[in-house]
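Letter by letter, the chains look like this.
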Amino acid sequence: MKAADAADGEEWQQHGFSVEYVLPLIFTRDAFDPANPNLRRLLALREPQRRHRMAVFADAGLLRAQPALPARIAAYAAAHADGIELAGEVVSVPGGEACKNDPHLLESLLAALAARRIDRHSYAVAIGGGAVLDAVGYAAAIFHRGVRHIRFPSTVLAQGDSGVGVKNALNWQGQKNLVGTFSPPWGVINDAAFIDLLPLREKRAGLAEAVKVALIRDRDFFYDIEEDAAALAAGDAAPLTALIRRSAELHMRQISRGGDPFERGSARPLDFGHWAAHKLERLSGHALSHGEAVAIGIALDARYSVLAGLLAPGAELRIHRLLARLGFRLWHPLLLARTAQGGLAVLAGLDEFREHLGGELSVTLLAAIGVGVEAHAMDPRLVLSAAAWLQEQEGGLACA
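Keep in mind it's a predicted model, so treat the numbers as computed, not measured.

Participant: Looking at this structure, how should I read the pattern of salt bridges?
Facilitator: When charged atoms on two side chains of opposite charge get close, those side chains can pair. This model, assessed by the stated rule, comprises 15 salt bridges. Across the salt bridge formed by Arg51 and Glu85, the nearest N and O atoms sit 3.6 Å from each other. Of this pair, Arg51 sits in the loop between helix H1 (38–43) and strand E2 (52–59) while Glu85 sits in strand E3 (residues 84–86); the two residues are 34 residues apart in sequence, bridging distant segments of the chain. Between Asp134 and Lys100 there is a salt bridge; the shortest N-O distance is 2.7 Å. Taken as a pair, Asp134 in helix H6 (residues 130–142) and Lys100 in helix H4 (residues 97–101) lie far apart in primary sequence, 34 residues in all. Under the relative-accessibility criterion, Lys100 is labelled buried at 3%. Three or more residues are tied together by salt bridges with common partners; here these are Arg51, Arg53 and Glu85.

Right, dumping it as structure tokens:
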């Protein structure tokens, strides 16, 4: 609108700008071996001659499993003292979903950043599972309106999925990820050595997100997971490393090339299977891990896709069979739990999904293995039928 055309002197001006993000994703082993150059190179990307300060936050569970980790980090910083200054001791952060539910955690993280005088040219380094990365990433995103943040995902799920994304969040008032930011990290270092020490249950839990992204984006990757299912279920290192790499690449491809990295629209294709999973996690009091709940959500939505006429019959059996071979139980009584009003309790997950997106429901379903499709409504009767089918499959497996 030109000023001469505006009534009563009113004028609208529109000024556009763009911000380019480059997110290094590094696959390595023993990142804190002084001979490994990756962390130092990442810190020095923009200012190679500067001595960079970094505050390090680590998952408390990881520190219990690797008590020598703080000393290794200190030794790495000392070996590269001309380029790295370790700001204070490593901060232990309670892991798991409980940390995202703790109303006092954010204040303690901000206090630690302040005490270490972290500024916009310093770094907040987070090492741990997805919940710790989420929490520290959120604190880094709002401290000084954003300080540089480096992620070291330490679980299969985080290395292949949540840790390589651009989202940070905390839970609030019982709702998952209700407060958070879209703030890409400075870089992500996937250190395979962290995966070696994981319990088998945690290794398996991360496989669900790989199946998810294969189902919506890469049919051949799904076939590869089928071929390696027995070895993956056993936690074998070689196929697990390959799976993490491919899953991470597909997630980053969606973020970088999908056209909506900050989810300003309604579609959330990377959350296939998650509307039910998030609700099941909460209904179970987090007895179900995120990965275990996602596996159930994938199986539920695969069967729903068949019932809705989107997916060819039989494909859902193939998906169910693979998830079961990977070690997942795909039935939980909470799928048929009822509210006080008589409705399916899990269906409240759809309302929460809709609200999180801004009012319009957009759920990813399957048109084929490797092809996701967006749906804007779900029939409660078909959800109930899909849940009952999962119960039937559980009975069949028990008899097999």
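Having seen the structure, we can now continue with the description.
Participant: So what exactly am I meant to see when it comes to the packing of aromatic side chains here?
Facilitator: Two aromatic rings, taken as a pair, are described by how far apart their centres are and by the angle between their planes. One pass over the full model with this rule turns up four aromatic pairs. Between Phe32 and Tyr76, the aromatic rings sit 6.1 Å apart at their centres with planes inclined by 90 degrees, giving edge-to-face as the arrangement. You can see Phe32 sitting in the loop between strand E1 (25–28) and H1 and its partner Tyr76 sitting in helix H3 (residues 69–79), a full 44 residues away along the chain. With a relative accessible area of 3%, Phe32 lands in the buried category. Taking 5.6 Å as the distance between ring centres and 80 degrees as the angle between the ring planes, the aromatic pair formed by Tyr123 and Trp186 counts as edge-to-face. Placement of the pair is Tyr123 in strand E5 (residues 123–128) and Trp186 in the loop between strand E8 (175–182) and strand E9 (187–191), with a sequence separation of 63 residues. Judged by its relative accessible area of 0%, Tyr123 falls in the buried class. Through pairs of rings, three or more aromatic residues link up here, namely Phe32, Tyr76 and Phe152. Lying over the aromatic face of Phe27, Arg245 brings its terminal NZ or CZ to 4.4 Å of the ring centre.

Criteria and thresholds
- Residues numbered from 1 in each chain as written.
- Predicted model: local features only at pLDDT ≥ 70, side-chain atom pairs only at ≥ 80, totals over all residues.
- Heavy atoms only, no water.
- Salt bridge = Lys/Arg side-chain N within 4 Å of Asp/Glu carboxyl O.
- Helix = DSSP H or I, 4+ residues; strand = E, 2+ residues; numbered from the N terminus.
- Buried < 20%, exposed > 50% of the residue type's maximum accessible area, 1.4 Å probe, protein only.
- Phe/Tyr/Trp six-rings, centres within 6.5 Å; stacked < 30°, edge-to-face > 60°.
- Lys NZ or Arg CZ within 6 Å of the ring centre and 35° of its normal.

All we've got here are geometric facts, nothing functional implied.
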